[in-house]
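Below are the chains, spelled out letter by letter.
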Amino acid sequence: MGDPREPPEGAPDGGSGNEDEYRSVVFDESFVRAARIQELSARERLSGSFARATRPKVRLGPLGSVPRQALALLLVILLAFGAAVYFGVTSPTRPTARPQGSQLTVSLVALSPASSVRPVVDPANPFVALPPGYSDGAVGLGTPAGAASGHFSRVEVTKALDTVQRYLVASSLSPAVLVQGATAEVRAFVTPGEQAQFDASALQPTDDRHHALTGWLVRFDPAQVALAADTVKVAGAMRIDEADSGTLRITTDHTFVYALKAAGAPAGAPVTLETVRRQLTFEFDRIDLAAAQLRLVDSVLQAGPAPCDGSLAGVVQPVLAGTDPAAPPSGPSAVDPGNHARPAWQVCGVLAGS
């Protein structure tokens, strides 16, 4: 009896009998259900306007295997980099390089007495003969109220004025600086770009227009003189302007009067008034303002009575009462360090009213 799976007439010639060549192809139920036969309408068949149900292949070249998210991220990075380069090159407000190294220029002027120096009449009240306009200590600095400048706000100008005032107090009024040799209090105000110059001036003061310690501060030799009064009389003012759009400039012009006596002298010993005029120029950028530091770029110091043949680079050398001064210079006229209408810079002069 034949195999019921075979046709009655038997397997076709050349056939494989029970080995159906399509037996390896299996159409499961899910495959059959997924097969949808779309029958076109007569109009669609006649018009031939139907679209082929195939997805066009897009060739992406060598980057075809890169995910779209990665391509988008790469594009954003390239755009950001290009914008940064463009604005970095074309921006008109790029900050200029900050000044570094030696910046301070110093001029020292000794004011020699024309005759023997007279002591004050009343050692207990040494400043009684001073003309009007002098005040005690920081009050006499005449610090103006802060006001906005062209490119700096009122807050920034006020901070600069406060820094200058505290510098002047430390460098011109502090007894530790005046007669005890301290420098750290003053150095703390100096920007890092000038600290090397300051240190060289303190270590080896030289009158070379850049390394005089007295360009930074007022100092007396404690082996020679002592303060006869803790009070220092001061008169002067400050002026605000701008060196450029990124640099605030403050110029100060003050006269300081110190009551001095010989070192080790007892109470009631003769007292001499030493007058020191300081004309200083300070500059600030916004980094300096944030750090409460300053750049001292120009310093002129007049001091008298002082010998013209002595050096003012390390200390101010007063001519004390009763000391015969060296012969005064014959050329210049008398110089009044309290007269701010005249330029401070001289080579040497005669102290007016000595």
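It should be noted that the structure appears before, not after, this text.
Below or above, wherever it landed, is the structure these notes cover. (Residues numbered from 1 in each chain as written. Predicted model: local features only at pLDDT ≥ 70, side-chain atom pairs only at ≥ 80, totals over all residues. Heavy atoms only, no water.)

**A short note on helix H7 (residues 192-203)**
Counted at 1.5 Å a residue, the expected span for H7 with its 12 residues is 16 Å, and the 17 Å between its end C-alpha atoms agrees. Listing the buried residues of H7 in full gives Gly193, Glu194, Gln195, Gln197, Phe198 and Ser201. Among the structural elements, helix H6 (184-187) and strand E7 (295-304) are those in contact with the buried residues of H7. (Helix = DSSP H or I, 4+ residues; strand = E, 2+ residues; numbered from the N terminus. Expected span 1.5 Å × (residues − 1). Buried < 20%, exposed > 50% of the residue type's maximum accessible area, 1.4 Å probe, protein only. Contact = heavy atoms within 4.5 Å.)

**Describing the pattern of salt bridges**
According to the stated counting rule, one finds 9 salt bridges in the structure shown. Across the pair Arg166 and Asp162 runs a salt bridge whose closest N-O atoms are separated by 3.1 Å. With Arg166 and Asp162 both in helix H4 (residues 154-172) and 4 residues apart, the pair spans about one turn of that helix. Looking at Asp162, the relative accessible area reads 38%, which means it is partly exposed. Salt-bridge contacts for Arg295 lead to Glu283; the nearest nitrogen and oxygen are separated by 3.6 Å. Placement of the pair is Arg295 in strand E7 and Glu283 in strand E6 (residues 272-284), with a sequence separation of 12 residues. Taking the relative accessible area as the measure of exposure, Glu283 reaches 14% and is therefore buried. Connected through salt bridges with shared partners, the residues Arg249, Glu283, Asp285, Asp288 and Arg295 form a single ionic network. (Salt bridge = Lys/Arg side-chain N within 4 Å of Asp/Glu carboxyl O.)

**Some remarks on the packing of aromatic side chains**
In the structure shown here, the tally under the stated rule is 5 aromatic pairs. Ring centres 5.3 Å apart and planes at 75 degrees place the aromatic pair Phe220 and Tyr258 in the edge-to-face group. In this pair, Phe220 is assigned in the loop between H7 and strand E3 (225-227) and Tyr258 in strand E5 (residues 247-262), connecting sequence segments 38 residues apart. With relative accessibility at 1%, the residue Phe220 sits in the buried group. On the basis of relative accessible area, Tyr258 is assigned to the buried category, the value being 0%. Three or more aromatic residues link up through ring pairs in this structure, and these residues are Tyr167, Phe189 and Phe282. Over the aromatic face of Phe152 sits the side chain of Arg286, whose NZ or CZ is 4.2 Å from the ring centroid. (Phe/Tyr/Trp six-rings, centres within 6.5 Å; stacked < 30°, edge-to-face > 60°. Lys NZ or Arg CZ within 6 Å of the ring centre and 35° of its normal.)

**Section: the environment of Arg277**
By the secondary structure assignment, Arg277 is in strand E6. C-alpha of Arg277 to C-alpha of Val257: the two residues are 20 residues apart in sequence and 8.7 Å apart in space.

**Some words on the environment of Val121**
Assignment of secondary structure puts Val121 in the loop between strand E1 (105-113) and strand E2 (135-136). On the basis of relative accessibility, which here comes to 82%, the residue Val121 falls in the exposed class. On a C-alpha basis, the gap between Val121 and Thr272 in space is 9.8 Å, while along the polypeptide they are 151 residues apart.

**A short note on H4**
The end-to-end C-alpha distance of H4, which contains 19 residues, comes to 27 Å, matching closely the 27 Å that a straight helix rising 1.5 Å per residue would cover. For H4, the full list of buried residues reads Val157, Ala160, Leu161, Thr163, Val164, Tyr167, Leu168, Ala170, Ser171 and Ser172.

**A few points about the pairing of E6**
Within E6, 11 of the 13 residues are buried, which leaves the element mostly enclosed by the surrounding structure. Sheet analysis places E5 next to E6, joined by 13 bridges and oriented antiparallel. The residue bridging Arg249 from the neighbouring strand is Glu283, located in E6. By the bridge criterion, 9 bridges tie E6 to E7 in an arrangement that is antiparallel. Across the sheet, Phe282 pairs through a bridge with Leu296, a residue of E7. (Pairing = 2+ DSSP bridges.)

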